[in-house]
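Residues per chain, in single letters:
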Amino acid sequence: MGWGKELFSVITLDDALKVLEPYVRPLYERREEVPLSASWGRVVAVDVPAGGPLPHFRKSTVDGLAVRAQDTFGASESLPALVQVRGEVTMGRAPRETLESGQSLLIPTGGMLPAQADAVVMLEHLEDFGQGLYGVTKAVAPGENVIDIGEDVQAGEVILPQYTVIRAQEMGLLASQGILSVPVLPRVRVGILSTGDEIVSPESEPQPAQSRDINGYTLLGQAVAAGFATHYYGIAADEPAELRPVLEQMLAENDVVILSGGSSVGARDLTAQMVDELGRPGLLFHGLALRPGKPTIGGVVGGKIIIGLPGHPASAMVVFDTLVRPLLDGSRRRPEFPLPQAELTQNVYSGTGREEFIRVRLEQKDELWLAEPVRGKSGLIRTMVLANGLVHIPLNVEGIQAGEKVRVRPLRRF
Ligand SMILES: Nc1nc2c(c(=O)[nH]1)N[C@H]1C(S)=C(S)[C@@H](COP(=O)(O)OP(=O)(O)OC[C@H]3O[C@@H](n4cnc5c(N)ncnc54)[C@H](O)[C@@H]3O)O[C@H]1N2
Ligand code: MOO
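- Per an unreviewed UniProt entry, the protein goes by Molybdopterin molybdenumtransferase and derives from Acididesulfobacillus acetoxydans.
- As stated in UniProt under Catalytic activity (unreviewed entry), the record for the protein gives "adenylyl-molybdopterin + molybdate = Mo-molybdopterin + AMP + H(+)".
- Per UniProt, the comment on the protein under Sequence similarities (unreviewed entry) is "Belongs to the MoeA family."

## Considering the nonpolar core
In step 1: Residues Val257, Ile258, Val275, Val324 and Val360 are the most contacted members of the largest nonpolar core, which totals 61 residues.
In step 2: Counting residues per element, this core draws most heavily on helix H6 (residues 313–328), which supplies ten residues.
In step 3: When residues of this core are assigned to domains, at least three fall in each of domain 1 (13–29 + 186–333) and domain 4 (341–410).
In step 4: Residues in contact with Val257, not counting those within four places in the same chain, are Gly191, Leu247, Met250, Leu251, Lys304 and Ile306.
In step 5: Listed in part, the 21 residues of the second largest apolar core include Ala66, Ala75, Val89 and Leu105.

## Some points on the site of ligand 1
In step 1: Lining the immediate surroundings of ligand 1 are 28 residues, of which Asn215, Gly261, Ser264, Pro310 and Gly311 lie closest.
In step 2: When residues of the shell around ligand 1 are traced back to their parent elements, those giving at least two are helix H3 (215–225) and H6.
In step 3: A per-class count over the shell around ligand 1 returns eight nonpolar, 16 polar and four charged.

## Structural notes on the packing of H3 against H6
In step 1: Close contact between H3 and H6 brings their axes to 10 Å; oriented N to C, the two are set at 25°. On the basis of their axis angle, the class for H3 and H6 is roughly parallel. Every pair of crossing elements has a handedness; the one defined by H3 and H6 is right-handed. Contact residues: Asn215, Thr218, Leu219 and Gln222 in H3; Pro313, Ala316, Met317, Phe320, Asp321 and Arg325 in H6.
In step 2: When the residues that make up the contact of H3 with H6 are grouped by side-chain class, the tally is five nonpolar, three polar and two charged.

So, how was this worked out
- Residues numbered from 1 in each chain as written.
- Chains lettered and ligands numbered in written order.
- Predicted model: local features only at pLDDT ≥ 70, side-chain atom pairs only at ≥ 80, totals over all residues.
- UniProt positions renumbered as here; feature names shortened; annotations may be inferred.
- Core = buried A, V, L, I, M, F, W, Y, C linked by C-beta atoms within 7 Å.
- Buried ≥ 20, exposed ≤ 12 C-beta atoms within 10 Å, placed from the backbone.
- Helix = DSSP H or I, 4+ residues; strand = E, 2+ residues; numbered from the N terminus.
- Domains from an automatic or database assignment.
- Contact = placed C-beta atoms within 7 Å.
- Near = placed C-beta within 6 Å.
- Nonpolar A, V, L, I, M, F, W, Y, C, P; charged D, E, K, R; others polar.
- Axes fitted to C-alpha atoms, helices over the stretch in contact; angles between N-to-C directions.
- Parallel < 35°, antiparallel > 145°, perpendicular 65-115°, else oblique.
- Left-handed = near helix turned anticlockwise from the far one by under 90°.

This is the structure in structure tokens:
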């Protein structure tokens, strides 16, 4: 059983990320092209430059009268400035009229300003005196009610820095530039396997001492949500003869292999040994100074990363969210996203020499956001269902008092 021998020589979460970093780098050097319409959620592989200025013509933001601003200076309700209307700008057409001083064109929202006009007076500030003569009752400044050339995007500037995640608005920006094929990182291929003699598939009726596979599905959901190309390989017993061929197949078919269970120090915990035997460099760490998540394994075989997550369902999820996802989704290569703050409702304690992630439920009370710790062992999946965030207690902090403000890492909603 290995009693008496050293259990784990733990490393910090930060060091685990650093140890694995060189092996994920190649994943960030790849690229593929996807159609713009299928680019949502993908990660941009290169700095994307603007093709040209946006807009590429001066457009009105209101329905009104395109004027030379100086013709309206001093205008008011009691003393309107008189302007002559020479015609109307047609939507989608460049106006050809040349405006002399005191002349103007009616213009729709989105219409192109004639060359000599530099502002638009809203219809509401016009008085129709008949025969094309209008009174402007409110002066406009140069540029007023006009979107200038390049005001949205300037020619040549980087519109999307490398590793930006494409959301709806980035899709729109790319469309504005006529970029119909987007260079993105290929999805990271992730294989998921649950291990344990006692684990049975969810369609089975578990016998006493057996448990239905939870981690296969929580990890599948997390991996899909993170944008990985995910494949679930089912359940393998703690038998080298069974585990080894599955691992070899997973290594051949994926960039990253994620196992759960069998990472602790029991007699049947052979994952670590197997990772080390499969190839070079083999096992890189066994044990994190982290709770939950202590018995996590990290290794690399033939350039492929293998992560062994703890069997307890909440632990496996927390380590996925704090180690696996940040390593593979590019978030460590983007500026940090500000985390919402909340007031902790109960004291929480952490042992020395390890960092901790507390499961919390974020709730709003009047104007205040509260973070309510979700109590319960890491073997309880319901703790993760109740939780919608994690609060970090750093390595050398012993605890956080009720009433203190904490940053909450939201657990992804989708
Ligand atoms: N002497 C020590 N014992 C343990 C330590 C330790 O440091 N010293 N660490 C504990 C911690 S923390 C955890 S977490 C567990 C993790 O152990 P393993 O990763 O080896 O996982 P198992 O022993 O295989 O399973 C633990 C537990 O989780 C259940 N499990 C496993 N896989 C699944 C699954 N796919 N779906 C649902 N439930 C699963 C399994 O049946 C066990 O109940 O070790 C502690 N022990
Ligand atoms: O990883 Mo264990 O999770 O601390 O329960």
